[in-house]
Structures are given as C-alpha cells and as structure tokens.
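Breakdown of the fold
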Amino acid sequence: MSPVLTAVLALLLLCLVCGALLGYAAVRFRGEGNPIAERINALLPQTQCGQCGYPGCKPYAEAIAGGDKINKCPPGGEATIQALAGLLDVVPEPLDAPEGERPPRVAYIREAECIGCTKCLQACPVDAIVGAARQMHTVIAAECTGCDLCVEPCPVDCIDMLPLAGTVQNWKWEQPLPPGRLVASDREQAV
Amino acid sequence: MSDRQRLWDFHGGIHPPSCKAQSTRTPIQRAPLPRRLVLPLSQHVGSPAEPLVEVGQRVLKGQPIAAAGSLVSAPLHAPTSGSVSFVGPQPYPHVSGMLAPAIVIDSDGREEWIDLEPCVDYRALAPEVLLEKIRQAGISGLGGAGFPTAVKLAARPHDEKIHTLIVNGAECEPYITADDVLMRERAAELVSGIEIIAHLLGPERVLIGIEDDKPEAIAAVRTAVGERPYAVCAIPTKYPSGGERQLIQVLTGVEVPSGGLPTDIDMLCQNVGTCVAVHDAVILGRPLISRIVTLTGEALARPMNVEALLGTPVSELLSFAGLEPGKLDRLIMGGPMMGITLPAMDVPLIKTSNCLLAPTRSELPPPPPALPCIRCGACSDVCPASLLPQQLHYFALGHEHEQLRRHDLFDCIECGACAYVCPSNLPLVQYYRAAKAEIRELEHRQQKAEHSRQRFESRQERLRKAEELKEAERRARTERATRVKASQAESASVPHQPNTVASVPDKLAERQKKLKIEASMAQVALKKAEKQLALHATAELEIQVRDLRETAEAARKALEAAMQEAPPPLPSAAQPADDAVLKKAKIEAAMLRVQVRKLEKLEQPSAEQAAELERLRDQLAVIDRTLAAQSPAPVVRSEGEEALKKAKIELALRRSELKKAERAGTDEVERAPLRAALASAEQALHAAEEASGKPAPQLVRIDKRPIDETSRALKTELAYARADLHRLERKVDTDPAALDAARARLADIEHRLQAHTEADPKGD
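Residues numbered from 1 in each chain as written. Chains lettered and ligands numbered in written order. Predicted model: local features only at pLDDT ≥ 70, side-chain atom pairs only at ≥ 80, totals over all residues.

1. Brief notes about the sheet that holds strand S9 (residues 164-169) of chain B
Residues and elements named next belong to chain B.
- The sheet built from 4 strands is open, its strands ordered S11-S10-S9-S12 with parallel pairing. The two strands at the open ends of the sheet, each matched to only one other strand, are strand S11 (230-235) and strand S12 (267-271). The average angle at which neighbouring strand axes cross in this sheet is 25°, direction not considered.
- Two strands pair when backbone bridges link them, and S9 and S12 are joined in this way by 5 bridges, in the parallel orientation. (Pairing = 2+ DSSP bridges. Helix = DSSP H or I, 4+ residues; strand = E, 2+ residues; numbered from the N terminus. Axes fitted to C-alpha atoms, helices over the stretch in contact; angles between N-to-C directions.)

2. Points about the interface of chain A and chain B
- Taken together, the 27 residues of chain A in the interface contact 30 residues of chain B.
- Residue classes in the side of chain A that touches chain B are distributed as 14 nonpolar, 8 polar and 5 charged. (Contact = placed C-beta atoms within 7 Å. Nonpolar A, V, L, I, M, F, W, Y, C, P; charged D, E, K, R; others polar.)

3. Thoughts on the nonpolar core
- Counting 129 residues, the largest nonpolar core has Ile166, Val221, Leu317 and Leu356 of chain B as the members making the most contacts within it.
- With residues up to four places along the chain from it excluded, the contact list for Val221 of chain B reads Met183, Ala187, Leu190, Ile208, Ile210 and Val232 of chain B. (Core = buried A, V, L, I, M, F, W, Y, C linked by C-beta atoms within 7 Å. Buried ≥ 20, exposed ≤ 12 C-beta atoms within 10 Å, placed from the backbone.)

4. Let's talk about the confidence of the model for chain A
- For chain A, the average pLDDT comes to 86, and 92% of its residues sit at 70 or higher.
- Per-element confidence in chain A ranges from a low mean pLDDT of 54 for helix H6 (residues 184-190) of chain A to a high of 95 for helix H1 (residues 3-28) of chain A. (pLDDT = per-residue confidence, 0-100.)

5. A closer look at the packing of helix H1 (residues 127-136) of chain B against helix H7 (residues 272-284) of chain B
All names here are of chain B.
- At a closest axis distance of 9 Å, the pairing of H1 and H7 adopts a crossing angle of 115°. Here H1 lies roughly perpendicular to H7, going by the angle between them. By crossing handedness, the relation of H1 to H7 is classed as right-handed. Here H1 contributes Leu130, Lys133 and Ile134 to the contact with H7, which in turn contributes Val278, Ala281 and Val282.
- Counted by class, the contact of H1 with H7 contains 5 nonpolar, no polar and 1 charged residues. (Parallel < 35°, antiparallel > 145°, perpendicular 65-115°, else oblique. Left-handed = near helix turned anticlockwise from the far one by under 90°.)

Written as structure tokens, this is what we have:
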C-alpha cells in the first residue's frame, strides 16, 4: 500500500470517527429551547407591554434571536439596547419610539371613580391590580411594571400613569462632569 | 490588660490635619429643648419604621412612636413629651434635599418620661430577652452607617461564636470628637455597655481600639476597664483607621474577606457610642432618644459637643454653638472626608449624625475644577481597601459595570482618601458612588424584571389551568348528559314493568329502541356538524364530521342488525303466539305464487319447468290449506254489514257537520236541519244494525256526552301530575323526597278520579 493511500485511509477513518462522535453528541447533549432567545429575554424588562409590536417580551426576544432590531423596547430604553448590543455583538441603535425613553411609571387608580368592572384586572399581565367585581380596584405599586395595558380597557378612564416618585431611598448620585468640560472662563471663576 | 497588644497596619491611609482640638475644650453640653422635633422614620440603613401614633396624640418622653418596619429596622421613640402635630413628609438630612416621611412632635417642655424599666442585673436575663431590650430601645450603630444593633448582634452565620469583639473608639475623621468626649466622660457606661454585649456574645477577647491622638480618652477608658480582661489598644493615628475593616486589620491582622462581613471571620465591631446606648437601654431602660454630636467649624463661635435630642433642628443646634451665618460657606453633616453637604439648615438630627461641620470658605475651600487623570497612582497608594482608584475612575466614566465589579468597586468604603490625594482634584468618590448607584439600580431593575417575568408566567399558567378545567367540566357535562339519557331509556322501562316478567322480545325491543335513538342522535349530530362545516370549513370540523359520520353509520348498522334479529314487536300486546308462524306461511305462499305465476308466463315451458310448476302448485295448495286452517275464516261481508258500515259513516259525517255548525256559532234555525239529518242517520244506522244481524255493540254512544267539570279538572290535574313525575324521573340529581312527593300526588289524584267516576258513573 502506498503511503498516500494509507494517509487518505487514516484521514477518512478519523473523519468518520469524529463525525460519529459529533453526531452522537448533537443528539445526546441537545439543548432545550433557544438558548440565545432565553438570554435576550433575561435582558428585557418583562413589562409585557407589547410596545415592540410583539405580544410580550418572550416573543420579542425570539424575534431578536431571529434577526429583528434591538431598539424596539421603550421601557428598557438605552440600557436595554446597550445590554442587547453587548450580548449580540451588534451596533447599538437609537431607541425606536416616538416619545423616546420615558421615566419609569406606575399605574394609579383614582379609586373614587372606579366602578369595579375588573377589566383592568384581566388586562394586567403581572396580576398587579387587586379587586373584585363591583369592588374598588387598586394597584400594587411595587408589582406594577408601568406597561399601561390597564389604561385602555378602563371604561371610566380612572387609571393614570404617574411617574415613579423619587424618594430618599432610591435617589442616586449623579456622575460628576468629566474633567475638561468646563469652559475656560468658568475654570478661571472656579479657581 | 496592657497596650502591649501587638498591632498591625492596613494598606494606604492618609494623615489629614485632625482639627479636633477646638471642639474638645468644653465638656459635653446639653442642647436646649427645641420647641418642635422632627423624627424621620428612616433613621438608618434598612427599612423605615412604621408610625404608631396619630396627629394630636400626646406622647411621653421615651414612648415608642414608630415600630420596626421589618427585620432590618429599629423602632423610634419620642425624645421628649408633647403632642404629635404632623405625620408626613419633612426635611431630611440628605444630599438631594428631598423630603422624607417623619413624625413631628411639639414639645410641652415638661420632659415627662414614660415608666422606665431599669434592670440592674442583666446577667439574670436570657440572651433573647436582652436582645429584645436592645431591639426595642431602637439602637442603631452610632458610628456612621447606622446598622440596627440588635440585628448585628443577632446575626451569627454558621452558628459560630464571635471570638473577638472590637469596640471602635478610633474616630479617625478630622473635626469629629463626639466619641472622644464620650469616652472621656462616660467611660464607666461604655465599659458597662461592653460588658453587656460581651455577656451576650461571649467572645474570647475584647479589643478596644482608640487612636493615639486621644490620650485623655485612652486614660479614661483604661481606668474604667480596670481589671476586666479587655485590651485597650492605642492605635496609630491614620485615616481611615476608624473604618470597621481597617480597625479589625489593625487590631488583629486579619482582613475581612472581599464582599464579606466581620462576622465571616467571627468578629464583631461596635462603636463606643453604641455601647453606651446599650448600657442606657439595658441598665437604665432608656431608649435611644439622644446622641452626642460635635458642632465645629470656624463659622461657629463656640465649637463644642452637645448631647442633643434626636429630631432637633440643625439650625437650633448651630445657633446654640454661636453660628455666624455670614461666615458659613456650606454646612456638612459628618466629617470633611465622608460627610454630606446639607442643602438646607432646617433638617433634623438623626441617629447617624455624629458631627455638624460649619466651616468658612477659607477653612474648607470648594474643590478646584477637576483636571484629567495623570495616572500618577497616588490614589492606589492611599487606598485602604487596596483597590485601584484610577482604574475604577476610568471604568466608571465608561459605565463599564462588569469591569467595575471585577475591580471590586463594592469593596470601596468611600473614605475619600484617593480624592484627598488626587493632584487632578478628581471627585473620585462621587464617581464611585454614582457607579455603585447605577449598578444597584440596574440590579434592581433586573430583579424586578425577573420578578415580573415569574408573575407573568405564573399568570399564564393559571389562565391555562383555568381553561383546561373549564374544558374538562364541559366534557364531563356532555358525558353526564348522555349517561342520563341512557339511564333514562333504561329506567323508563324498568319502573313501568316491575310486575311483568321481562320477556325476551321485550328486551330485544328495548335494545332496538335504544339503538334507534342512538342512531337518530348520531344522525342529528352529523347533520349539525355538516351544517357547521358548510358555514366555516376548518380542518377540525372536517375531522369531526368524518368521525360523526362513522358513528352514525355504526349506529345504523347496529340497529339494522338488531332489527334483523327480530322484527320490532307490534304495538298491540295481545298478538297470538303463532302470529309469526302464520305470517311466515303467508309470505311463503306469496313467494310461491309469484314463482308459479312466473313459470306460468313462460310460453314454452320445458319438461323440467313444467314439473317444477306442478311441484310449486302442490306446495302452494298445501300452504294455502294450512293457512286456511290457521287463520280465522275469511270474513265474508254480508250486504247488511256493508249497509251498516255505510250508515255508520253517514252518522259520523252528520255528527261532524253538526259540530262544525255549532262551533261556527250558527243559530238554532240553521242547526235544526243538521240535527234532523243526524237523527235520521242514527235511525238508518239502527236499522242497518238490525238488518246486518250482528249483535249490537255493547256501548252505543250516540253522542259524546260532555264530561262533568270535576272529572275534567281531575283528569287535567292527573296529566300534570304525571308530567311532573316524568320530568322528575328524567333528571338525574332529583331529590328522592321530591320524587316520592310527586308519586304520592299522582296516586292521590288517580284515586280521587277513580272515586269520582265510581260515584258518578254517568260519565261512562
């Protein structure tokens, strides 16, 4: 047998063995679901608001995994876009929302006007509204994601979306202006 | 013990001018009682307390006014007697200048205490009771962060004992002398407090660390400690040796692990002020309602330390110390290194405020504008946590959170040493604070998102389950309905013939009936489904229709099979037993006749055919004979009978005519001829009857006599009762009592009707 033939045969054998191994591994260690969609879903704010045009965060995560744009999540805002860009290694784009990024909000039911129709209860994706038929409803502010899905179904328009009030507890330090941002006259004044 | 205790050193540190002398010239003063006290519900880290009092309520000094909001929280007490004038947002000592919920007490100046429960022999108390006393006294760390002391004392991971108790009297930050004067003047209480904590924890050793620039304090504490096995250690003055981790390192040489707590290395650190508060709480029964605070700075005429009630407005304290407002540049709560600039002077004193610094502009000039980092590395040299401040600075600028974490941003104690030495005047600590806040916020958002996701998913799951349950119920309902129908078909026959012996044909008939019902039901269902399919053609419906068609087919086949087994019995039950045989014979005869006729039709029958014809004719004759023998003799209608029949028809016609006329409401004149015709028809019938020679029928009802009202009513009632009973029987879940009642009612009415008919037989 010529050495060339030996080499070819050896390589062929190696290929077959490796192929079989890989094939076995592909079946044996198959991962469930779409792992990248899961990771994308973990970065989305889970408001289930549908502002991205998909019925919830998971469908949007799957759409992103399938190649959709990453800038369609207004509740997530810039931070989510950055995180997604980092995860998927794509160029971050500006947020695709007419009003831009909104501060976090919370639903508030004007309780005097509530007629107890339970429509908002059914609309809330995270069960953050308590109440019963012909009983007053109220929002559990800590559970509210601010998705405003409850505003539309309310027949008496008694639900407001209020900006989340700042408290001493959630106040945060602002980053100082980076050095060199002062104009010369200010600098002279400051010194 | 002695000061020969071995000491270690921590990395970095700075030596800023201490500026402590001016405020230690006088002993601790008592601040005048303010007219109004503002007590923020959030006095420390952990959750805010929850108010226990209402507006207008009178409170006594030391009375609890707010309870601990959660496990990591501490109650709040009224610092003086008076009345609650407001509960709501009030100024709060915070950089942001935001308001925070607070209880406002207007003092009445009487300083009436509640009944205190002093306890001389705390050793007799169980540790839990002792801990509860400390918890209820609302003590939180008085050094700086203000962690609730009871929580700190109770937290013992892995059930391991604290082997070293460290008492922090270092007080390294410039200007602040509150702990210094406390140790000088209240060394006995301090030692008593330490004893209580030591009793609670049972540590192997107790180390009291005091910086060596406080010789009076060291001397006082040493005297107070006396023969007790506590080591009073004079540690070298270096900022920030008062930091918990740094002090532990100086005193024991052990480093608290990154991200961990002193309890992880079985050590616990308590501030001297906290120890005194523990003494007050346990021995005197007094809750924490006041603290010692240093009032200092060149803008004050009389820098001093005062013992002030919590909630005292800062402005009142400053004016007590002789504030010269013109000189004041900015007001700092805490020290110059770690303190916060207060945006207003109306904020109250809280449990963590150890110093009010009122410097002049020249004393503490505002930081010059920041310049770009020159990477000199001075910050790294002084960092007591051995971090890389300039790296952190760059990562913070770029919001590189992952890198910040990797460089242990959260081990930064925000001591400000790096910013102090920075030649570019970079506000480094602010960068770290902002970065920490940003990361925490992101984490919080992440947690909230995860929480929302879980809630969303559990909601989806719940909705799905509800839908499934509904579907199952629907299925169960239809099943029950079919079962009910089947059982009804059975029970309909059972109660009606409990006395008769169920004969085989009866059973057969029953089965046939059932099959018939099933077949027709299947047919109906199929038709319905087909109609549906015609309206909206979906694959599901198609499948359904196919299934239904199969079922209907099967039902039809089963019915046919049953029918072939035996023909359904005729409605009349009084059939003669040999009826079937007779019929068979008749059919045979008819068939033979057909065959005979066929053969006869042949024009040229062969010999065989002729023989066959002969044979068939013979057979036919035989059968005919038997038939004639079996069946009653064929009725030969006589002329008379024919006439009778005609007469009967005539009578019926006349009668109906008369009735029609009556119904039409015609008058007597019109009805008379009809009546006459009826009478004549009757006469004719009688004549015909006589002529026919047939025996006159027993009952000759010439006219239908109207039944009397009572029996009609009874009959109607009977019908209703029967219908009711049937309806009740049809239902599955009928109350047996109701069923019995209906049966009784039916029997009663039957009985009455019978009695009535017997009593009044003219109805028949």
